[in-house]
2 protein chains.
Amino acid sequence: MHTLAEENYLKAIYKLAATNPSVSTNQIAASLDTKASSVTDMLRKLADKMLINYQRYQGVSLTQSGEKVAINIIRKHRLWEYFLVEKLNFKWDEVHDMAEEMEHISSNELIDRLDEFMGFPRRDPHGDPIPDSNGHFKTNDLKPISALAVSSAGVISGVRDHSAVFLQYLEKQGLTIGKKIAVKEVISYDNTVVLQMDNKVLQISREVANNLLIAI
Amino acid sequence: MHTLAEENYLKAIYKLAATNPSVSTNQIAASLDTKASSVTDMLRKLADKMLINYQRYQGVSLTQSGEKVAINIIRKHRLWEYFLVEKLNFKWDEVHDMAEEMEHISSNELIDRLDEFMGFPRRDPHGDPIPDSNGHFKTNDLKPISALAVSSAGVISGVRDHSAVFLQYLEKQGLTIGKKIAVKEVISYDNTVVLQMDNKVLQISREVANNLLIAI
DNA sequence: GTGTATTTTTAGGCTTGTCTAAAAAAATTA
DNA sequence: TAATTTTTTTAGACAAGCCTAAAAATACAC
Ligand SMILES: [Mn+2]
Ligand SMILES: [Mn+2]
Ligand SMILES: [Mn+2]
Ligand SMILES: [Mn+2]
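All chains use their own residue numbering, which begins from 1 and follows the written sequence. Chain A is the first chain written and ligand 1 is the first ligand written, with later ones labelled in order. Per-residue local features are limited, in this predicted model, to residues with pLDDT of at least 70; the limit for side-chain atom pairs, both in listing and counting, is 80 or more; totals at the level of whole chains, interfaces and linings are taken over all residues. Water and hydrogen atoms were dropped before computing side-chain values, which therefore reflect all heavy atoms in the structure.

- For chain A, the name recorded in an unreviewed UniProt entry is Transcriptional regulator MntR, with Mucilaginibacter pedocola as its organism.
- UniProt positions are given in the numbering used here, feature names are shortened, and annotations may be inferred rather than shown by experiment. We quote the UniProt Function (unreviewed entry) comment for chain A here in full: "In the presence of manganese, represses expression of mntH and mntS. Up-regulates expression of mntP."
- Here is the UniProt Sequence similarities (unreviewed entry) comment for chain A, exactly as written: "Belongs to the DtxR/MntR family."

## Remarks on the pairing of strand S7 (residues 200-204) of chain A
All names here are of chain A.
And step 1. Bridge analysis of strand S6 (residues 193-197) against S7 gives 5 bridges, and the strand direction is antiparallel. The residue of S7 that forms the bridge with glutamine 196 is valine 201.
And step 2. By this definition, two strands are paired if DSSP reports at least two bridges between them. Going along the chain from the N terminus, every DSSP run of H or I of four or more residues is numbered as a helix, and every run of E of two or more is numbered as a strand. The loop that links S6 with its antiparallel partner S7 comprises 2 residues; one of these, aspartate 198, has a positive phi angle of about 50°.

## What about helix H7 (residues 164-173) of chain A?
All names here are of chain A.
And step 1. Think of it in three bands: residues with accessible area under 20% of the maximum for their type are buried, residues over 50% are exposed, and the middle band is partly exposed, with areas taken using a 1.4 Å probe on protein chains only. Considered for burial, the residues of H7 that qualify are Phe166, Leu167 and Leu170. One side of H7 holds all its buried residues, which, seen down the axis, span an arc of 95°. Turned more than 90 degrees from where H7 packs its buried face, Val165 and Lys172 sit exposed.
And step 2. Phi for glycine 174, located one or two positions after H7, is positive at around 80°. The reported arc concerns the directions from the helix axis to the C-beta atoms and nothing else.

## Comments concerning the coordination of the manganese ion (ligand 4)
Residue and element names in this part refer to chain B.
And step 1. Here the manganese ion (ligand 4) is held by Glu81 (OE), Asp124 (OD) and His126 (ND1), and the distances to it run 2.1 to 2.3 Å.
And step 2. For Na, K and Ca the donor cutoff is 3.2 Å, while for all other metals N, O and S atoms must lie within 2.8 Å; water is not among the atoms, so some sites may look incomplete. Mapped onto the sequence, the residues coordinating the manganese ion (ligand 4) show the spacing E-x42-D-x1-H. On the criterion of sequence distance, the pair formed by glutamate 81 in helix H4 (residues 64-86) and histidine 126 in the loop between helix H6 (108-117) and strand S3 (143-144) is long-range, its members being 45 residues apart. For the pair glutamate 81 and histidine 126, a shared accessibility class is recorded, and that class is buried.

## Here we look at the protein's contact with DNA strand D
And step 1. Throughout, the term near means that a residue has one or more heavy atoms lying within 4 Å of the molecule or strand in question. Close contacts around DNA strand D come from 20 residues, with Thr3, Thr34 and Ser38 of chain A together with Asn26 and Tyr54 of chain B the closest.
And step 2. Counting only atoms of DNA strand D within 4 Å of the protein, the sugar-phosphate share comes to 71%.
And step 3. Contact between DNA strand D and tyrosine 57 of chain A: a sugar or linking oxygen at 3.4 Å from a side-chain N or O atom of the residue.
And step 4. For this analysis, a polar contact is any N or O atom pair within 3.5 Å, provided that within protein one partner can donate a hydrogen and the other can accept it, and provided that sequence-adjacent residues contribute only side-chain to side-chain pairs. Here threonine 40 of chain B contributes a side-chain N or O atom positioned 2.9 Å from a phosphate oxygen of DNA strand D.
And step 5. The element that contributes the greatest number of residues to the surface near DNA strand D is helix H3 (residues 36-48) of chain A, accounting for 5 residues.

What follows is the structure, encoded as structure tokens:
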């Protein structure tokens with residue numbers, strides 16, 4: 001249907017569009033680790049195929065048809081990540097690159113059967129919602145820990161940074177999806193957050209608190 | 001490691017080498033549904049990478065390193081086919097094209113874990129042996145039904161033709177892997193083979209008898 | 001508002017993998 | 001062996017996707 005490169009561009013644009021209404025050439029280039037000139041080339045192709053709205057110098061947005069493709073890629077990515085963690089016992093910091101390849105396996109019948117095989121999971125190993133076969137999913141209304149008031153509590157439900165180093169750090173601290181935490185104190189000097197978790201007290205930096213998401 | 005096209009060429013050469021000691025440009029072109037000139041181009045690249053032995057006009061054979069790559073692709077192909085049939089309930093005639101894509105997922109760690117997850121199966125849904133993680137496997141010493149003498153018996157263990165139409169025909173006749181059959185008669189007029197299976201008697205053409213493999 | 005800095009696009013080129021048409025080599029036939 | 005047919009290779013071209021360098025458009029600063 002679409003090439004691997006096209007799918008990766010559409011997915012990147014979709015993700016950038018969550019925070020920016022119109023997505024710039026440079027943003028796409030940074031997110032795909034490529035050059036702005038390469039992005040411009042691809043934008044022309046995607047516009048020709050009616051997958052994006054694009055006029056030179058004006059930034060881009062996905063058309064309905066482009067968004068459908070992007071969401072389907074994300075569905076596949078997250079289902080394969082779930083499979084790798086739940087069935088093949090990979091750790092949550094090991095699965096991203098494999099899923100990056102597997103998301104391009106074309107058959108939708110295959111992914112629907114995989115979904116069924118796993119019992120229709122609603123979130124991937126990083127807490128991100130998995131779109132259903134119609135592309136529907138609830139958007140995460142999660143807050144970073146840094147946005148919590150002192151003495152409020154919540155459940156760890158997602159991450160903003162998906163890098164292996166960050167995930168490994170969280171794992172080591174026991175800060176994994178589903179854990180209940182409470183904010184005991186925020187140190188005014190550098191915004192270090194003091195957490196209560198189980199019977200332990202631990203401190204995390206402002207940086208970490210910004211990237212760790214909580215459902216309240 | 002290698003491109004998708006390279007992997008497909010190596011696999012095709014490997015399979016052709018089973019029946020021909022030296023593989024010709026035209027054979028490869030036919031098997032990959034491409035043009036002879038395209039094949040020549042690729043053969044130069046594969047020779048440069050020391051994956052095949054090649055001198056112009058002389059046909060090709062795989063080097064040890066090329067064979068290792070080919071066997072690994074076949075291992076992946078057959079394990080994914082097994083997964084699709086045993087875990088996702090696809091039929092044996094539906095899985096080939098999907099596996100054709102999935103065999104190119106690069107991670108060997110992934111395929112080893114998949115192998116373990118499924119209990120280290122030894123044969124794919126079509127009866128073909130699955131190489132282990134070191135590339136070792138027993139070659140099928142199976143005979144076509146057409147080579148059986150009248151009144152001899154055996155177990156259906158493989159197919160020579162993997163096309164969906166052929167597999168669907170076998171399924172419909174109940175001629176599936178594991179079934180025990182005996183040759184009752186060969187009709188001299190057109191070599192139609194009369195089989196006893198379970199409590200039924202059925203006839204298959206010479207063509208079918210040539211493509212259905214038996215362990216004795 | 002003019003000038004500078006930044007962003008984006010264009011121009012031209014490269015690699016991979018494909019194609020058609022023509023040339024060269026090998027195999028077959030007479 | 002000479003002529004013909006078949007196979008294989010070469011020559012030249014093209015699309016996809018990427019690059020660098022330069023030009024054009026836009027944004028920002030004064
Ligand atoms: Mn990808
Ligand atoms: Mn994820
Ligand atoms: Mn393939
Ligand atoms: Mn098979």
